[in-house]
Amino acid sequence: MNKNNTNLNALRILGIEAINKANSGHPGIVLGAAPIVYTLFTKVMNINPNNPEWFNRDRFVLSAGHGSGLLYSALHLSGFNLPLDEVKKFRQLNSLTPGHPEYKHTEGIDSTTGPLGQGFAMAVGMALAESHLAGKYNTKGQKIVDHYTYVLCGDGDLQEGVCQEAISFAGRYKLNKLIVFHDSNDIQLDARVEVAQSEDMQARFKAANWNVLKIENGEDLEAIEKAIANAKKSDKPTYIEVKTVIGLGATNQGTQKVHGAPLGNDIETVKKYFNWTQPEFEVSSEVYDFWKTNVATRGQAENEKWDQLFTQYAKENPQLATQLQNAIVAKFEIDQTQLEALNKKEEQATRVSSGTVLNYLSENIPSLIGGSADLTESTKAKGADGNYDFNALTGRNIMYGVREFAMGAINNGIALHKGLLPFASGFFVFSDYLKPAIRLSALMKIQALYIFTHDSIAVGEDGPTHQPIEQLAMLRSMPNINVFRPCDMAETQASYLAAINDTTKPSVIIATRQNLKELEHNNVFEDVKKGAYLITKTDNANITLIASGSEVSLAMDVKNILETKGHKVNVVSMVNMNEFNKQDRSYVDSIIDKNTTRFSIELGSTFGWHKFLGDNGKAFGIDTFGYSAPFNDVINHIGFTADKISNEILDIIK
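Position numbers for residues start from 1 in each chain and track the written sequence from start to end. A pLDDT threshold of at least 70 governs which residues receive local features in this predicted model, and a stricter bar of 80 or more applies before side-chain atom pairs are shown or counted, although totals over entire chains, interfaces and linings include all residues. To get the side-chain values, take all heavy atoms of the structure and skip hydrogens and water.

Per an unreviewed UniProt entry, the recorded name for the protein chain is Transketolase, and the organism is Spiroplasma culicicola AES-1. Check the Function (unreviewed entry) section of the UniProt entry for the protein chain; it says "Catalyzes the transfer of a two-carbon ketol group from a ketose donor to an aldose acceptor, via a covalent intermediate with the cofactor thiamine pyrophosphate." As stated in UniProt under Catalytic activity (unreviewed entry), the record for the protein chain gives "D-sedoheptulose 7-phosphate + D-glyceraldehyde 3-phosphate = aldehydo-D-ribose 5-phosphate + D-xylulose 5-phosphate". UniProt positions are given in the numbering used here, feature names are shortened, and annotations may be inferred rather than shown by experiment.

Below you can see the structure in the form of structure tokens.
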């Protein structure tokens, strides 16, 4: 036992004192898993608190994000910019120590975690990014990309479906620089793990092609360090099951009672157990010196060694060095004129337009990498340079298999690693499966691309299971995200360029299966940047039609019919509602004239459209599930034709 290891116990006690002060948090993992975190930070990981963004640092993902008190203690003791006063403000408004770790909010946090399973899957993405970049940029004797990704997960993580997807993926691609610690304490919030789970976890990982190790005593620091050394020798990812005692030292240790409730007065029992006599929130200078020497000083030395290596590398490989440096800071150079030249003004599905643009971008952005969830032939979203694999590391097409949720989370991990711009693709209706990962993309403010096709009931014969209805409303309701639904090749080009240039948020590009007309545009690249624009404007208009994607062409047909009846009609293309909602009032009013009667036209839920329509307008959409039939039959059945829509508008404005 480590009852008298003051350097380790400082980690535990700071964490539970912060939880007690907040009267909120999870002390069980802090007390039980501290030896794992202690060993990683002070003995193993190459990290530099003086340069938290050092590119070649080891990554650490606390997938069990509810154990944030443990991580904040480690970051504070290590010398990151996390003062003791901020540790004391655990879970308080505007503190640097929120309830779960948040990327970019707290220095030293490599990913936002808390939604269980996603941290594990994001770590898989980080490990993939490391392996691809190592294969691409390392030379003989100059390993400028050479680090590990470590994960601390719990039983709850491993019960999530996304974890199984990620485990399978990582084993298939032999991501051997991924090392996962399982805080195996046999307890979860409601009861013992055996109530909810019965499989042999080690057999599960072995079946997925992982290296499997076990530590019987989670307090055995030597065994933890030895296991890591063994893991580094493997050509597979490594799963290390560590048997720990949740809430070690507390009266209720080993039970669910110490999982998610502050210790209260029982904290004194814990302090006595660990022979801790320091006053509350006080750590001796000797402890700080130990952590500084073993984390910051050691990390600074490793950082400086790498700087020297990279300087020499840049002299010998100037083009590769510049390419990597630009990729790390997301410096992309796209020639708009060349991009525009791709438009042959032909009628085609925007999934085809999207594929053409993506191929061009792949040729001009060496860091663009991604793939589809076993749908490349349908989505036309394919990475360049062949398929990525453990024996073909430089391939930029990732064969994700039918693992949508893991694909989204891995996408996030690749983006978090930096040096790569990831995309993930699938059918739009299955954005439901990716939604939690997309939400974390937005929350973390990272640049990741999501490309969805088959965007409406135009899927036809595949029926309502494959026809998205509410998905546009779902994504548009999310903060900090671009949701592009282009109407033709020109808008597709402009959408991609806007997405590439916006490094502060994820972007979703939504495309059709069916062919669309190529429309006339005046200044489409500038117009799309603002989210919506007048694709046709008429003086003294009395009607405004607002549409997106495939329905912009339909709106134009409705306009032509209405004009034969003596009406004057404006048509607005709402390519990115989220961005349009951020424009100033004068621009919004110049695009959507409140003096006109306004109608929206979109083959999806009408939710979210009424704010633009006033009291007299109407949202034409579909608020039921779809139908299995040829597309034209479905459209006629629901009355979504130019004749029927224009007749209804004429009835409304009599």
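A. Spotlight on the overall build of the protein chain. Going along the chain from the N terminus, every DSSP run of H or I of four or more residues is numbered as a helix, and every run of E of two or more is numbered as a strand. Helices and strands together make up the secondary structure of the protein chain, namely 25 helices and 17 strands. The C-alpha extent of the protein chain, read off along each of the three principal axes, is 90 × 60 × 45 Å. Calculation of accessible area relied on Shrake-Rupley with a 1.4 Å probe; when residues are assessed, cover is drawn exclusively from the protein chains displayed. Surface accessibility of the protein chain: about 25000 Å² in total, with carbon and sulfur atoms responsible for 46%. If you average the places of the 63 positive and of the 75 negative side-chain charges in the protein chain, the two averages end up 2 Å apart. In this tally, Lys and Arg are treated as positive and Asp and Glu as negative; His is ignored, and so are the chain termini. A charge is said to be at NZ when it belongs to Lys, at CZ for Arg, at CG for Asp and at CD for Glu.

B. Spatial organisation of the packing of aromatic side chains. A pair of aromatic rings is counted whenever rings of Phe, Tyr or Trp (Trp by its six-membered ring) have centres within 6.5 Å, and the orientation is called stacked for planes under 30 degrees apart, edge-to-face for over 60 and tilted otherwise. Within the structure shown, the criterion is met by 21 aromatic pairs. Ring plane angle 70° and centroid distance 6.0 Å describe the contact between Tyr-72 and Phe-90, whose orientation is recorded as edge-to-face. Taken together, the residues span a long stretch of sequence, with Tyr-72 in helix α3 (residues 68–78) and Phe-90 in the loop between α4 (84–88) and α5 (118–137) at a distance of 18 residues. The same class applies to Tyr-72 and to Phe-90, which are both buried. Exposure categories follow from relative accessible area, calculated using a 1.4 Å probe and restricted to protein chains: below 20% of the type maximum is buried, above 50% is exposed, and the middle band is partly exposed.

C. Layout of unusual backbone geometry. Unlike most non-glycine residues, Asn-23 shows phi in positive territory, near 55°. Relative to the assigned elements, Asn-23 resides in the loop between α1 (6–22) and α2 (27–44).

D. Just the UniProt feature "binding site: thiamine diphosphate" (unreviewed entry) in the protein chain, in detail. What UniProt calls "binding site: thiamine diphosphate" (unreviewed entry) maps, in this numbering, to His-66, Gly-114, Pro-115, Leu-116, Gly-156, Asn-185, His-259 and Phe-430. For the residues just named, distributed over 365 residues, the greatest C-alpha separation reaches 35.0 Å, placing them at more than one site. Since its relative accessible area comes to 17%, His-66 is described here as buried. On the basis of relative accessible area, Phe-430 is assigned to the buried category, the value being 18%. Not counting residues within four places of it along the chain, the set of residues in contact with Phe-430 comprises Glu-404 and His-466. Residues count as neighbours in contact if any of their non-hydrogen atoms are within 4.5 Å of one another.

E. Examining the UniProt feature "binding site: substrate" (unreviewed entry) in the protein chain more closely. Under the UniProt annotation, the feature "binding site: substrate" (unreviewed entry) is placed at His-26, His-259, Arg-351, Ser-378, His-454, Asp-462, His-466 and Arg-513. Separation in sequence by 488 residues is matched in space for these annotated residues, since their most distant C-alpha atoms are 48.9 Å apart. Here His-259 shows up in the loop between β5 (238–243) and α10 (267–273). Here His-259 falls in the buried class, since its relative accessible area comes to 13%. Apart from residues lying up to four places away in sequence, His-259 is in contact with Gly-25, His-26, Pro-27, Gly-28, His-66, Leu-189 and Ile-246. If you trace the backbone, Arg-351 turns up in helix α14 (residues 350–364). Once residues within four sequence positions are removed from consideration, Arg-351 is found in contact with Ser-378, Thr-379, Lys-380, Thr-453, His-454, Ala-511, Thr-512 and Arg-513.

F. The arrangement of the domain arrangement of the protein chain in detail. Partitioning the protein chain into domains gives domain 1 (6–301), domain 2 (336–510) and domain 3 (531–653). Centre-to-centre, using C-alpha coordinates, domain 2 lies 26 Å away from domain 3. At the interface, 26 residues of domain 2 touch 31 residues of domain 3. Throughout, buried area stands for the accessible area (probe radius 1.4 Å) lost by two parts on being put together, summed over both. Of the roughly 2200 Å² buried at the junction of domain 2 and domain 3 (both faces included), carbon and sulfur atoms supply 52%. What counts as a salt bridge is simple: a side-chain nitrogen of Lys or Arg found within 4 Å of a carboxyl oxygen of Asp or Glu. One can count three salt bridges joining domain 2 with domain 3. For Arg-485, the salt bridge is made with Glu-551, and the minimal N-O distance between the two is 2.6 Å. Each domain span listed reflects an automatic or database assignment of domains.

G. Broad picture of the nonpolar core. Note on terminology: a nonpolar core comprises buried Ala, Val, Leu, Ile, Met, Phe, Trp, Tyr and Cys residues joined through side-chain atoms within 4.5 Å. Core analysis: the largest hydrophobic core is formed by 75 residues, its most contacted members being Phe-120, Val-124, Leu-158, Leu-178, Phe-205, Trp-210 and Ile-414. Top contributing element to this core by residue count: α5, with twelve residues. Both domains that furnish three or more residues to this core are identified here as domain 1 (6–301) and domain 2 (336–510). With sequence-adjacent residues up to four places away left out, Phe-205 is seen in contact with Phe-120, Leu-158, Ile-167, Trp-210, Val-212 and Tyr-239. Tyr-496, Ala-499, Ile-500 and Val-552 belong to the second-largest nonpolar core, a separate cluster that totals 74 residues.

H. Spotlight on the side chain of Asn-578. Position of Asn-578 relative to the elements: it lies in helix α22 (residues 577–580). Look at Asn-578 and you get buried, because its relative accessible area is 10%. Among the polar contacts listed, one links the side chain of Asn-578 to the backbone oxygen of Ile-481, at a separation of 3.4 Å. For Asn-578, the residues in contact, after removing those within four places along its chain, are Leu-475, Arg-476, Met-478, Ile-481 and Val-483. For the purposes of these results, a polar contact is taken to be a pair of N or O atoms within 3.5 Å, where, inside protein, one atom must be able to donate a hydrogen and its partner to accept one; residues adjacent in sequence count only when each atom of the pair is a side-chain atom.

I. The arrangement of the sheet that holds strand β7 (residues 368–372) in detail. A pair of strands counts as paired when DSSP detects no fewer than two bridges linking them. With parallel pairing, five strands are arranged side by side in an open sheet as β7-β8-β9-β11-β10. Edge positions in the sheet fall to β7 and β10 (482–484), since each of these pairs with one other strand and no more. When the angles between neighbouring strand axes are averaged without regard to direction, this sheet yields 15°. Inspection of the sheet shows β10 paired to strand β11 (residues 507–510) by three bridges, in the parallel sense. Along β11, the bridge assignment pairs Val-483 with Val-508. The strands touched by helix α16 (residues 404–417) are β7, β8 (421–427) and β9 (449–453); relative to β8, the strand with the most contacts, the crossing angle is about 170°. Between the N-to-C directions of two axes lies an angle of 0 to 180 degrees, each axis being a line fitted to C-alpha atoms and, for a helix, fitted only over the stretch in contact.

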